[in-house]
Amino acid sequence: MLTSEQSIVEFKAAQVYPDKLKRNAHRHYFEFAEQMLSIYANGIGQQRRQLHKQVEKLFQDEADCPIRRIDAFCKLLDDKSVYYTDPDGNAARLRLQVFSKAAQFHPLVSQRDQLFEHVENDIKHKIAKELERPWDEIEQGLYADVMEYQRLKEFEGYSGASEFLSRYNVAQLQAALYKAQTMRIWASGDFKTILRYAKLARLLHEIKRIGPSQYEMVLSGPLSVLHETRRYGISFARFLPALLACKGWRMSATIKTPWNGTARLSLSDKDGFSSYLPQPDEFDSSVEEAFAKEFGGERDGWQLIREGEILHENQTTFVPDFVFRHKDGPEVLMEIIGFWTPEYLAHRRETVRRFRDCNILLAIPESSLKSDVVKAKDIVTYKKALAIKSVVEALCEFKIKVD
Amino acid sequence: MDFEGKNEQIILKWDEGTLLLDGWPRDNTPYNMGIWRWDSRVGNWRCDAIYYQRIKEKLSQTANFRDEVMQPASVHWPKVDLPTLRPEQSEALDSWTQSGRRGQVIMPTGTGKTEVALAVMAETKTATLVVAPVRDLMYQWHRKILKGLGYDAGIVGDNTFNIRPVTVTTYDSAYIHISRIGAGFGLLVFDEEHHLPGRCRREAAILSTASMRLGLTATPERSDGLHKDLDFLIGPVVYNMPFRRAKGSTLADFDVIRIPVALNDEEQQVYSQCSRIIREYIVSQREEKPGYNWQELCKETGKDPKARHAQKAYHLKTSIESRAGEKLRVLEDIFRLHNGQPTLVFVGSNAMAIEVSKRFLAPTILSHTGKKERLAVLDGFARGLFKVLVANQVLDEGVDVPEAKIGVVIGGQGSTRQAKQRLGRILRKNGGSQATLYEVVCENTKEVHRSRSRRRSDAYERTIHRRV
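Keep in mind it's a predicted model, so treat the numbers as computed, not measured.

Next up on the list: the overall build of chain A. Across its full length, chain A holds twelve helices and 17 strands. A globule of 403 residues ought to have a C-alpha radius of gyration of about 22 Å, yet chain A, at 31 Å, is considerably larger. Along the first, second and third principal axes, the C-alpha set of chain A runs to 110 × 55 × 45 Å. For chain A, the proportion of its 403 residues judged to be buried stands at 35%. By sequence separation, contacts in chain A at least 24 residues apart represent 64% of the contacts at least 6 residues apart.

And the structure:
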């Protein structure tokens, strides 16, 4: 991720536009990207500042390139690099050694006179001789541990120019979010992934259903309800790649401007950002996948929608695997328990109990039931594959109940 | 009274820097205190942790109230070995205690603020978080707590997260971690408290439940005016010792000598060329856009290579000023003049510090200098092995430096606070001899303006200005 100092944003009509390299307008950046990658790939052993200087030089005559963009490129390249950091403190030891030797000759003057006879170059020569190393080498090593002077050890790199550039675009989006206060998402799918990553980023959500399989989610942190804070900016930035990997969403973040106003950063899955996270798996298990394929889009008046609704109470959420929506209106949710442990089963049952006012059908492996247990109506069991017939029967039971 | 009534139990809980009141009905704001907000996301009332004490006083009157917020541990000091406080220090301690143990103590640099804080800690014997501006100061607090109270404090910062009942940290780390660690401290000590009221850093005070708070500074005022918020974040000013009272008593008298240097021909040529580039660009822009200024120029650097060129020219000018070759020659003269006297050199950038260090083979203290090396360098300077110590801004505030009577400022910015802090460094009273501060600035450049603004501070009153 970038630092705030590398962030480039433009404010226009209360909208925030993070710097973005476009496929056409910035076509020539592909070549730049390739050159930058090769500077690092061929730069093993070079100092950080030398590498940065070479990158800077590439853009010398490029009209369209702010300094911050160059800094950001360097940061992204450094993120994939390993530098020699002198953990044993060799440079520090060398400094103490050299400065202690030189101390008795202080001040080192540029020209000898009656009072002062220790000429800079003579003393340096003398110390070099004592240490049995050429002075140039000593001088280079003196501050070798300072960030700018560290030498490149390894460069992992990016898969290519195009990945590097799309990483840049995502990184600028993330950096713009450092100053975000809340994030509002309108989503029509991939709810599980969105909510899971929001929770991983330690964000709180507020969920509102705005239509069938349509939700508005506001993300922020505990403090946000009390006053404006930037505390959760990093969380939004961490969360973003997960959102970019999803489909069917639109987002608007509230961002504080430098002059203390508010602006919005608006984004959707149509904006062409590619996440470095993989797209969410369509199905959690093979049982689910097989069932969905066999059921098809619709059967006996029931439409099948994957992850179609969110059940929520305060910060507890539950996104059942499927929603069956009947053409006459009724809706039944189904959760398939694939792998199971007694604890997981108990946890799931607790969730179902919490949302007992909703129609939830639980599909569980037969092996998880004790033989003498009386099967509840809202449970279907399966051995290897979930039978369509038993599900449709259970759905009808729900329908009768509702009707 | 129904002590058993489970449904009516009111529970106060800590939640990441805020307090949640569980079990209080939504339709009535707790005690009509405006600090509460209903948080529909969790179904509870919520407020900032800073109000903990006030809330608790109200709630303890409720029979079915339970407090689940972590309480500060009491601390036993293994070995208290503190110097007897001077009269003004005792005065400060007393008025802090009498003001409900919340408030700010304002004392000039070098008059022993740290000793006041250690005396406070010795007395309060409660879990304490000490917040300092930079790593060096954090480690210095760690050493002083160990020496004065015999306690090995925890450290949060500098890639370390070791939390103990008494912990030292920096403002930046405190901001980041306070939502995790804000409960469990009874006392907060804010060293150089003028760092606290920034938009983000203030959260270190707001997200903590500590009831006792002590702020220390020589220079509370901030140019953005936010220092007025310190009353809320820490408490009122309980003691204010004017700078004049310190001067000549605890602090030594001092001279300020400004040495203007000229750029050499080559530097001057580049400098003038840069100035011309900037001027011409701005003039050309103003023909179309009257009132065109530097901010607008900076905005256009991404689109217009000429604007970028002008911006680069500006940075080059600054770099020429701060690293003018003549400054190294003047430095040599000062070293000759004060041969044998410990001398501190303050520079504006890491690059310049390293340049001075390589030229004179003198040790440096930079922001990244490790703990061990820093100790070795400071110790060598104190023992007289090293006659010169080069430092960047790191030493600007509060870091105790062994005795030095000669200070040289090369580069740096013109804020009042920095000038006071830098003076404070070399003005600690050590014997009767006169201290001298040299300012080496480029002539006919904007550095001269910075030097003038530096002298506007009241720290420079009654000082001697000489040209060498």
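That covers the picture; the talk isn't over yet.
Moving on to the overall build of chain B. When helices and strands are tallied, chain B shows 16 helices and 20 strands. For chain B, the proportion of contacts with a sequence separation of at least 24, taken over those separated by at least 6, is 76%.

Let us now look at the interface of chain A and chain B. Taken residue by residue, the interface counts 38 residues in chain A and 38 residues in chain B. Mapped by element, the contributors of at least two residues to the side of chain A that touches chain B are α4 (90–103), α6 (135–142) and β6 (204–211) of chain A. Examining the composition of the side of chain A that touches chain B, we find that eight residues originate from one element, α4 of chain A, more than from any other. Split by residue class, the side of chain A that touches chain B holds 24 nonpolar, eight polar and six charged.

A separate point is the environment of Glu 228 of chain A. All names here are of chain A. Tracing the chain through its elements places Glu 228 in the loop between β7 (214–220) and α9 (233–244). The class of Glu 228 is partly exposed, set by 14 C-beta atoms lying within 10 Å. Not counting chain neighbours up to four residues away, the residues in contact with Glu 228 comprise Gln 181 and Lys 256.

Residues and elements named next belong to chain A. For helix α3 (residues 67–79), built from 13 residues, the straight-helix expectation of 18 Å at 1.5 Å per residue is met to within 8% by its first-to-last C-alpha distance of 18 Å. Along α3, the residues that are buried comprise Arg 69, Ile 70, Ala 72, Phe 73, Cys 74, Leu 76 and Leu 77. Packed against the buried residues of α3 are α1 (29–41), α2 (48–58), β3 (81–83) and α7 (161–177).

Now for the domain arrangement of chain A. All names here are of chain A. What the domain assignment lists for chain A is domain 1 (4–84 + 150–169), domain 2 (90–144), domain 3 (178–268) and domain 4 (286–402). Computed over C-alpha atoms, the centres of domain 3 and domain 4 are 29 Å apart. If you look at the interface, domain 3 gives nine residues, while domain 4 gives nine residues. Listed by contribution, the elements that provide at least two residues to the side of domain 3 that touches domain 4 are α8 (191–200) and β6. The element that contributes the greatest number of residues to the side of domain 3 that touches domain 4 is α8, accounting for three residues.

Residue and element names in this part refer to chain A. Judged from the two bridges that link them, strand β10 (residues 298–299) and strand β11 (residues 302–306) form a sheet pairing that is antiparallel. Pairing of Glu 298 across the sheet is with Gln 303, part of β11. Following β10, the chain reverses through two residues before pairing antiparallel with β11; Asp 300 in that reversal takes a positive phi of roughly 50 degrees. The sheet contact formed by β11 and strand β14 (residues 322–326) spans five bridges and is antiparallel. Counted as the bridge partner of Leu 304 is Phe 324 from β14.

Before going further, it helps to spend a moment on the packing of α3 of chain A against α7 of chain A. All names here are of chain A. Where α3 meets α7, the closest approach of the two axes is 11 Å, and the angle between their N-to-C directions is 110 degrees. What the angle tells us is that α3 and α7 run roughly perpendicular. Within the contact between the two elements, α3 uses Ala 72, Phe 73 and Leu 76 and α7 uses Arg 167, Tyr 168, Ala 171 and Gln 172. Among the residues making up the contact of α3 with α7, the classes are represented as five nonpolar, one polar and one charged.

Moving on, we come to the sheet that holds strand β16 (residues 360–365) of chain A. Residues and elements named next belong to chain A. Here we have six strands laid out as an open sheet, ordered β10-β11-β14-β15-β16-β17, and mixed in their pairing. Of all strands in the sheet, those with a lone pairing partner are β10 and β17 (379–382), marking the two edges. Here helix α10 (residues 286–295) sits on the sheet and contacts β10, β11 and β15 (331–336); the angle it forms with β11, its principal contact strand, is near 145 degrees.

Here the focus is the pairing of strand β5 (residues 180–187) of chain A. Residues and elements named next belong to chain A. Of the pairings in the sheet, the one linking β5 to strand β8 (residues 249–256) comprises seven bridges and is antiparallel in character. Bridge pairing in β8 links Ala 180 to Ile 255. Pairing of β5 with β7 involves five bridges; the strand directions are antiparallel. Along β7, the bridge assignment pairs Trp 186 with Glu 216.

Another point: unusual backbone geometry. All names here are of chain A. Look at the link from His 106 to Pro 107: it is a cis peptide, with omega at -5 degrees. Locating Pro 107 in the fold gives a position in the loop between α4 and α5 (120–131). Backbone geometry places Asp 86, a non-glycine residue, at a positive phi of 55 degrees. In this fold, Asp 86 is placed in the loop between β3 and α4. On the basis of neighbour counts, which here come to 18 C-beta atoms within 10 Å, the residue Asp 86 falls in the partly exposed class. In this model, Arg 202 sits at a positive phi of 60 degrees, which is unusual for a non-glycine residue. You can see Arg 202 is positioned in the loop between α8 and β6. Judged by the 15 C-beta atoms lying within 10 Å of it, Arg 202 falls in the partly exposed class.

So, on to the sheet that holds strand β4 (residues 44–48) of chain B. All names here are of chain B. If you trace the five strands from one edge of the open sheet to the other, you get β3-β4-β2-β1-β5, paired in mixed fashion. Edge positions in the open sheet fall to β3 (37–39) and β5 (65–67), since each of these has one partner strand only. Shown here is a sheet whose adjacent strand axes are inclined to one another by a mean of 30 degrees, direction ignored. Running over the sheet, helix α1 (residues 52–59) touches β1 (10–15), β2 (18–22) and β5 and is turned about 170 degrees from β1.

All names here are of chain A. If you check which residues of α2 are buried, you get Leu 51, His 52 and Val 55. The arc that holds every buried residue of α2, seen down its axis, measures 100 degrees, which confines them to one face. Buried residues along α2 sit against α1, α3 and β4 (152–155).

Residue and element names in this part refer to chain A. Between α4 and α6, the shortest axis-to-axis distance is 9 Å and the interhelical angle comes to 120 degrees. The orientation of α4 relative to α6 falls into the category oblique. Remark: the crossing between α4 and α6 carries left-handed chirality. Side by side, α4 and α6 meet where Ala 91, Leu 94, Arg 95 and Val 98 of the first sit next to Ile 138, Gly 141 and Leu 142 of the second. For the contact of α4 with α6, the residue count by class is five nonpolar, one polar and one charged.

Here we come to the confidence of the model for chain B. In regions of low pLDDT, the predicted coordinates are not meant to be interpreted in detail. All names here are of chain B. Overall, the predicted model of chain B reaches an average pLDDT of 83, with 82% of residues at or above 70. A low-confidence stretch, residues 1–6 stays under pLDDT 50, and its non-local contacts, those more than four residues away or across chains, total six contacts. Taken together, the stretch residues 458–468 has pLDDT below 50 and engages in 18 contacts with residues farther than four places along the chain or on a different chain.

Reading the values: the criteria
- All residue numbers here refer to positions counted from 1 along the written sequence of the relevant chain.
- Here chains are named by letter from A upward and ligands by number from 1 upward, in the order in which they appear as written.
- Per-residue local features are limited, in this predicted model, to residues with pLDDT of at least 70; the limit for side-chain atom pairs, both in listing and counting, is 80 or more; totals at the level of whole chains, interfaces and linings are taken over all residues.
- Only runs of H or I of at least four residues qualify as helices and only runs of E of at least two qualify as strands under DSSP, and these elements are numbered from the N terminus.
- Computation of the radius of gyration draws on C-alpha atoms alone. For the globule rule, the value is 2.2 Å times the number of residues to the power 0.38.
- Exposure classes come from backbone-placed C-beta atoms, where a residue is buried if 20 or more other C-beta atoms lie within 10 Å of its own, exposed if 12 or fewer do, and partly exposed in between.
- For the purpose of contact definition, each residue receives a C-beta atom placed from its backbone, and two residues are in contact when these atoms lie within 7 Å.
- Gly is placed with the polar residues, together with every amino acid not listed as nonpolar (Ala, Val, Leu, Ile, Met, Phe, Trp, Tyr, Cys and Pro) or charged (Asp, Glu, Lys and Arg).
- One fewer than the residue count of a helix, multiplied by 1.5 Å, yields its expected span.
- Just so you know, the domain bounds were taken from an automatic or database domain assignment.
- Pairing between strands is defined by DSSP: at least two bridges between them are needed.
- Interaxial angles span 0 to 180 degrees and are taken between N-to-C directions of axes, which are lines fitted to C-alpha atoms, for helices over the stretch in contact.
- In this scheme, roughly parallel covers angles under 35 degrees and roughly antiparallel covers those over 145, while 65 to 115 is roughly perpendicular and the rest are oblique.
- Throughout, the arc means the angular range of directions from the helix axis out to the C-beta atoms.
- We call a crossing left-handed when the near helix sits turned anticlockwise from the far one by less than a right angle, and right-handed when that turn is clockwise.
- pLDDT expresses how confident the predictor is about each individual residue, on a scale running from 0 to 100.

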